[in-house]
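Commentary on secondary and tertiary structure
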Amino acid sequence: MSAPGNSRVDEIRQKIGLPLAIVCMLIVWFMPAQKGLSIAGQKALSLFSGVFVLYLTEAMPLPITSLLIVPAAVLMGVVNLKTALEGFASSSVYLIVGAFLLATAMVKTKLAERITYKILSTIGGSARNITLGVMLANICLAFLVPSSTARTAILLPVCISIIELFKSEGRSKFAINLLLTLAFTNATIGAGILTATVPNPVTIDFIVKAGGPLISYTDWLLYGFPPALLMTFITWGFIQWVYKPEHKEIPGGIEFIQNKLGSMGKMSSQEWRALSVFVLVVILWATGKWTKIDPTTACLAVSGLFFLPKFGVLDWNDANKGVSWQIILVAGGGISLGDILMKTGAAKWLAVSIFNALGLAGASMLVILIVLMFIIQYMHILFVGTTAMATAFIPIVLAMAQTANIPPMVLALPAGMIIGGYPLLMFYNTLPNILIYGTGKMRVEDFPKVGVVVCAIGCLVYAVCAMTYWQWVGMF
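Keep in mind that what you see is a predicted model, and the values were worked out from it rather than measured.

What follows concerns the packing of aromatic side chains. This structure, assessed with the given rule, holds nine aromatic pairs. Measuring from centroid to centroid gives 5.7 Å for Phe143 and Phe225, while their planes differ by 55 degrees, and the two rings are tilted. Of the two residues, Phe143 is situated in helix H7 (residues 127–144) and Phe225 in helix H11 (residues 217–242); the sequence distance between them amounts to 82 residues. Aromatic pair Phe184 and Phe447: ring centres 6.1 Å apart, planes at 55 degrees, arrangement tilted. With Phe184 in helix H9 (residues 173–190) and Phe447 in helix H23 (residues 446–467), this residue pair connects regions lying 263 residues apart in the sequence. Per residue, the accessibility class of Phe184 equals that of Phe447, and both read buried. The structure contains a cluster of three or more aromatic residues connected by ring pairs, namely Phe48, Phe52 and Phe393.

Any two side chains of opposite charge can pair if their charged atoms end up close together. Applying the stated criterion to the full structure yields six salt bridges. We note a salt bridge from Lys343 to Asp339, for which the minimum N-O separation is 3.3 Å. Of this pair, Lys343 and Asp339 both sit in helix H17 (residues 325–343), four residues apart, which is roughly one turn of the helix. The residue Glu445 makes a salt bridge to Arg443 at a minimum N-O spacing of 3.9 Å. Exposure remark for Glu445: the relative accessible area of 42% places this residue in the partly exposed category. Bridged by salt links that share partners, the residues Glu86, Asp339 and Lys343 form one connected network.

Right, let's get into the nonpolar core. Ranked by size, the top nonpolar core spans 167 residues in total, and within it Leu180 and Tyr462 carry the most contacts. At twelve residues, the largest contribution of residues to this core is made by helix H20 (residues 387–403). Filtering out sequence-adjacent residues up to four positions away, Tyr462 remains in contact with Ala191, Gly224, Pro227, Ala228, Met231, Met373, Met417, Ile418, Tyr422 and Trp470.

Counted by the stated rule, this structure contains two cavities of 30 Å³ or more. Estimates place the volume of the largest cavity at around 50 Å³. If you go around the largest cavity, the residues you meet are Leu95, Ile96, Ala99, Pro146, Leu194, Thr195, Thr197, Val198 and Pro201. It is helix H5 (residues 91–108) that contributes the most residues to the lining of the largest cavity, three residues altogether. Along the lines of polarity and charge, the residues of the lining of the largest cavity split into seven nonpolar, two polar and no charged. One number sums up the size of the second largest cavity: a volume of about 30 Å³. Contributing to the lining of the second largest cavity are Leu102, Ala142, Phe143, Leu144, Val145, Pro146, Thr195, Phe278 and Trp285. Listing elements by their share of the lining of the second largest cavity, those giving two or more residues are H7 and helix H13 (269–286). No other element matches H7, which puts three residues into the lining of the second largest cavity.

Looking only at helix H15 (residues 295–303), the buried set comprises Pro295, Thr296, Ala298, Cys299, Val302 and Ser303. All buried residues of H15 fall inside an arc of 165 degrees around its axis, so they share one side. Where H15 is buried, its residues meet H5, H11 and H13. For H15, the N-terminal cap is Asp294; the gap from its side-chain oxygen to the backbone nitrogen of Thr296 is 3.1 Å.

Here the focus is helix H19 (residues 365–378). Relative to the 20 Å expected for 14 residues at 1.5 Å per residue, H19 spans 20 Å between its end C-alpha atoms, a close match to the ideal helical length. Every buried residue belonging to H19 is among Ile368, Leu369, Leu372, Met373, Ile376 and Gln377, and all of these are buried. Projection of H19 onto a plane perpendicular to its axis shows the buried side chains occupying an angular sector of 150 degrees, all on one side.

A separate point is the side chain of Thr430. With respect to the secondary-structure elements, Thr430 resides in the loop between helix H21 (408–421) and helix H22 (431–437). Setting aside residues no more than four positions away along its own chain, Thr430 makes contact with Thr386 and Pro423.

Another aspect to go through is the side chain of Thr181. One can find Thr181 in helix H9. Residue classification places Thr181 among the buried residues on the basis of a relative accessible area of 0%. Look past the residues within four positions of Thr181 in its chain and what remains in contact with it is Thr131, Val134, Met135, Asn138, Asn186, Trp236, Ile239 and Gln240.

Here is what the cut-offs are and how they apply
Residues numbered from 1 in each chain as written. Predicted model: local features only at pLDDT ≥ 70, side-chain atom pairs only at ≥ 80, totals over all residues. Heavy atoms only, no water. Phe/Tyr/Trp six-rings, centres within 6.5 Å; stacked < 30°, edge-to-face > 60°. Helix = DSSP H or I, 4+ residues; strand = E, 2+ residues; numbered from the N terminus. Buried < 20%, exposed > 50% of the residue type's maximum accessible area, 1.4 Å probe, protein only. Salt bridge = Lys/Arg side-chain N within 4 Å of Asp/Glu carboxyl O. Core = buried A, V, L, I, M, F, W, Y, C linked by side-chain atoms within 4.5 Å. Contact = heavy atoms within 4.5 Å. 1 Å grid on protein atoms, 1.4 Å probe; cavity = no way out; pocket = protein on both sides within 12 Å on 5 of 7 lines; lining within 4 Å. Points joined across faces, edges and corners; volume = space filled by probe spheres on them. Nonpolar A, V, L, I, M, F, W, Y, C, P; charged D, E, K, R; others polar. Arc of directions from axis to C-beta. Polar contact = N/O pair within 3.5 Å; in protein donor to acceptor, adjacent residues only side chain to side chain. Expected span 1.5 Å × (residues − 1).

If you want it as structure tokens, here you go:
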């Protein structure tokens with residue numbers, strides 16, 4: 001999906017992407033032997049450079065680029081076919097599938113929509129309270145709907161209808177405020193809930209491959225939810241300050257919301273069944289340490305209940321439409337590439353090079369953490385989507401942790417949360433950003449005007465969290 005006025009840029013980007021990717025691959029392939037880099041590692045780095053350029057330029061669809069990683073790795077002699085395909089068998093990929101099935105049921109039964117209107121009708125009809133209600137709806141939906149795009153799709157029509165009630169002429173600060181609140185708090189809260197955004201389970205997968213512990217749903221919630229919740233309120237508050245609504249009250253706002261809620265009637269049998277299945281999977285996630293049932297198994301097993309005769313609320317057509325196979329392919333191929341970089345030593349060599357170039361040798365863990373997070377944070381400018389970014393950077397981050405003799409979780413966990421929760425710098429960073437920009441009620445500069453400051457605060461919050469709160473709760 002292209003945003004208005006951006007088609008020419010996309011066309012140029014896509015036109016130069018493939019030739020540039022080939023040139024980068026050849027440069028790395030034929031560069032002189034590097035100390036500490038094996039032949040297999042150099043080949044893996046060559047593959048990585050080409051894929052990295054294709055991810056950035058989107059010269060080919062991202063799923064196709066990810067799928068081509070497998071034959072390219074085999075034909076280049078980097079790894080065998082079995083190793084190249086391991087990313088597609090990753091537990092995080094199947095956790096994403098199960099999470100999409102949960103989301104499909106929530107949306108089809110309109111349970112997610114009901115929760116949204118209930119929150120908005122409870123919070124009040126002032127301009128400030130409506131934006132607060134959207135933020136609270138994002139927090140609740142992040143537990144129910146594991147896709148930032150799906151959550152935006154649920155709330156965007158509501159927001160547009162409320163903006164129309166405002167009837168403001170010209171550029172409306174309230175419209176910008178509400179739309180930025182929708183997209184940005186959607187992203188920030190996602191960093192704190194394992195299933196809320198794809199980079200979270202991808203990060204866990206890489207941590208395990210690096211020899212770190214398997215992080216459960218409740219572990220992620222314990223480590224990630226407090227800073228994510230804090231940053232969500234900070235983000236909302238900063239947006240209120242930058243784009244203060246023209247008027248305090250929205251004419252007819254609360255009536256519109258109550259009418260929508262009233263038209264839905266009482267909770268249907270399908271909604272109750274969807275809610276019961278979701279509660280069951282949350283219970284299994286919360287008790288995983290005692291039941292020894294991992295999040296992926298729990299999610300897939302319980303999601304199967306949606307298809308039971310008489311009890312279920314989904315059929316295969318629903319599931320086929322609800323599961324984003326594009327995300328599955330990008331995640332699978334990206335995890336395969338990251339695994340290849342780690343196994344061939346390419347990630348470690350690249351991490352050591354970056355480490356030395358930044359002069360981080362001998363630096364404290366806090367300094368390394370802050371520098372790393374700021375670098376990753378502002379690399380969002382180059383990326384469309386967070387899944388490809390996570391699969392490209394997390395292996396390198398883990399190798400940096402190994403180089404600095406730091407536990408893998410200490411660097412990788414905040415890095416994954418920053419990647420998944422803070423794509424706030426430009427309108428093209430994620431599909432939710434593109435969706436709100438596509439309404440025609442915003443300008444390009446609205447995103448960095450808020451995003452640059454929020455991202456900087458986020459880096460500091462997560463760095464402090466890593467040095468205090470996470471140690472207090474025994475993460476490392």
